[in-house]
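Secondary and tertiary structure notes
Residue-level listing of the chains:
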Amino acid sequence: QVQLVESGGGLVQAGGSLRLSCAASGRTFSLYAMGWFRQAPGKEREFVAVISWSGGSTYYADSVKGRFTISRDNAKATVYLQMNSLKPEDTAVYSCALGPRRGAAVATMTLYNFWGQGTQVTVSS
């Protein structure tokens, strides 16, 4: 059974930084693409960043490009999202997801079959 557990969310002032972590179990983590997605109140879930199974390629939403960095540590079965220069509009519940086996860094949400519970990120102005 796949388990994804996020941590690292919290309250931060605009301009600040947070690092989210997602610990995975139940699959050979190193073989799967991983992604971060977010959902703000009253809005649909949206893509944030994804990383290929090898870690060799990444892809970001335009809204976070240059501010957020996704990375993975296969030895720890963990994917990270470093978030810098945070803005109030980044406020959302952030969830990680397990993507395709040996998958590329793809943003299509329907390709991600397992999801964590999410962690709240709140950015105050």
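Above this text is the structure in question.
Residues numbered from 1 in each chain as written. Predicted model: local features only at pLDDT ≥ 70, side-chain atom pairs only at ≥ 80, totals over all residues. Heavy atoms only, no water.

Section: the pattern of salt bridges
The following threshold applies: The salt bridge criterion pairs a side-chain nitrogen of Lys or Arg with a carboxyl oxygen of Asp or Glu, the two atoms within 4 Å. Under the scheme applied here, a residue whose accessible area is under 20% of the maximum for its type counts as buried, over 50% as exposed, and between as partly exposed, the area being computed with a 1.4 Å probe on protein chains only. Helix and strand assignments come from DSSP, with helices taken as H or I runs of at least 4 residues and strands as E runs of at least 2, each series counted from the N terminus.
A full pass over the atoms with the stated rule returns 4 salt bridges. Of the charged contacts in the structure, one is a salt bridge between Glu46 and Arg38, with a shortest N-O distance of 2.6 Å. Residue Glu46 is classed as partly exposed on the basis of its relative accessible area, which comes to 35%. Assessed through its relative accessible area of 6%, Arg38 is described here as buried. Arg38 is the salt-bridge partner of Asp90, the closest N and O atoms lying 3.0 Å from each other. Of the two residues, Asp90 sits in the loop between β8 (78-83) and β9 (92-101) while Arg38 sits in strand β4 (residues 32-39), which places them 52 residues apart along the sequence. Within this structure, Arg38, Glu46, Arg67 and Asp90 form a network of salt bridges that share partners.

Details of the packing of aromatic side chains
Convention followed: Two aromatic rings from Phe, Tyr or Trp, using only the six-membered ring of Trp, form a pair when their centres are within 6.5 Å; if the ring planes differ by under 30 degrees the pair is stacked, by over 60 it is edge-to-face, and anything between is tilted. Lysine and arginine charges are scored as sitting over a ring when NZ or CZ, respectively, is within 6 Å of the ring centre and within 35 degrees of the ring normal.
In this structure the tally under the stated criterion is 4 aromatic pairs. Taking the centre distance of 4.9 Å and the plane angle of 55° together, the rings of Phe37 and Trp115 count as tilted. Placement of the pair is Phe37 in strand β4 and Trp115 in strand β10 (residues 114-115), with a sequence separation of 78 residues. The exposure class of Phe37 is buried, given its relative accessible area of 0%. Where Phe47 meets Tyr59, the ring centres are 5.3 Å apart and the plane angle is 20°; that geometry is what we call stacked. Residue Phe47 is found in strand β5 (residues 46-51), and its partner Tyr59 is found in strand β6 (residues 58-60); the two are separated by 12 residues along the sequence. Ring-pair connections join several aromatic residues into one group, and the members of that group are Phe37, Phe47, Tyr59, Tyr112 and Trp115. Here Arg45 stacks its cationic end above the ring of Trp115, 4.0 Å away from the centre of that ring. Looking at Arg72, its charged tip hangs above the ring of Phe29, at a distance of 4.4 Å from the centre.

Describing the state of the cysteines
Quick note on the threshold: Two cysteine sulfur atoms form a disulfide, by the criterion used here, when they sit within 2.5 Å.
Here the structure, examined in full by the defined rule, presents 1 disulfide. With its sulfur 1.9 Å from that of its partner, Cys22 forms a disulfide with Cys96. Its torsion about the S-S bond being 50°, the disulfide of Cys22 and Cys96 is classed as right-handed. A residue pair is termed long-range when its members are at least 10 positions apart, and Cys22 in strand β3 (residues 18-25) and Cys96 in strand β9 qualify at 74 residues. We classify Cys96 as buried; its relative accessible area is 0%.

Focus: the side chain of Thr119
Test applied: A 3.5 Å cut-off defines polar contacts: any pair of N or O atoms within that distance qualifies, except that in protein one atom must be a possible hydrogen donor and the other a possible acceptor, and neighbouring residues in sequence count only when both atoms are side-chain atoms. Here, two residues are considered to be in contact whenever any of their heavy atoms come within 4.5 Å of each other.
Tracing the backbone through its elements, the reader meets Thr119 in strand β11 (residues 119-124). On the basis of relative accessible area, Thr119 is assigned to the buried category, the value being 12%. Reaching out from Thr119, the side chain makes a polar contact with the backbone nitrogen of Gly9 at a distance of 3.2 Å. If we ignore the near neighbours within four places in the chain, the residues touching Thr119 are Glu6, Ser7, Gly8, Gly9, Leu20, Ala92, Val93 and Tyr94.

Brief notes about the sheet that holds strand β1 (residues 3-7)
Paired through backbone hydrogen bonds, the strands of a sheet run either parallel or antiparallel to each other. To be explicit about the condition: For two strands to pair, DSSP has to find at least two bridges joining them. Only the stretch in contact is used when a helix axis is fitted, and all axes are lines through C-alpha atoms; the angle between N-to-C directions ranges over 0 to 180 degrees.
Taken in spatial order, the 4 strands of this open sheet run β1-β3-β8-β7, and their pairing is antiparallel. Of all the strands in the sheet, the pair left with one neighbour each is β1 and β7 (68-73). Put simply, the sheet's adjacent strands are angled 15° from each other on average, direction ignored. As judged from the 6 bridges shared by β7 and β8, these two strands associate in the antiparallel manner. Pairing of Thr69 across the sheet is with Gln82, part of β8.

Geometric descriptors of this kind do not, in isolation, establish any biological role.
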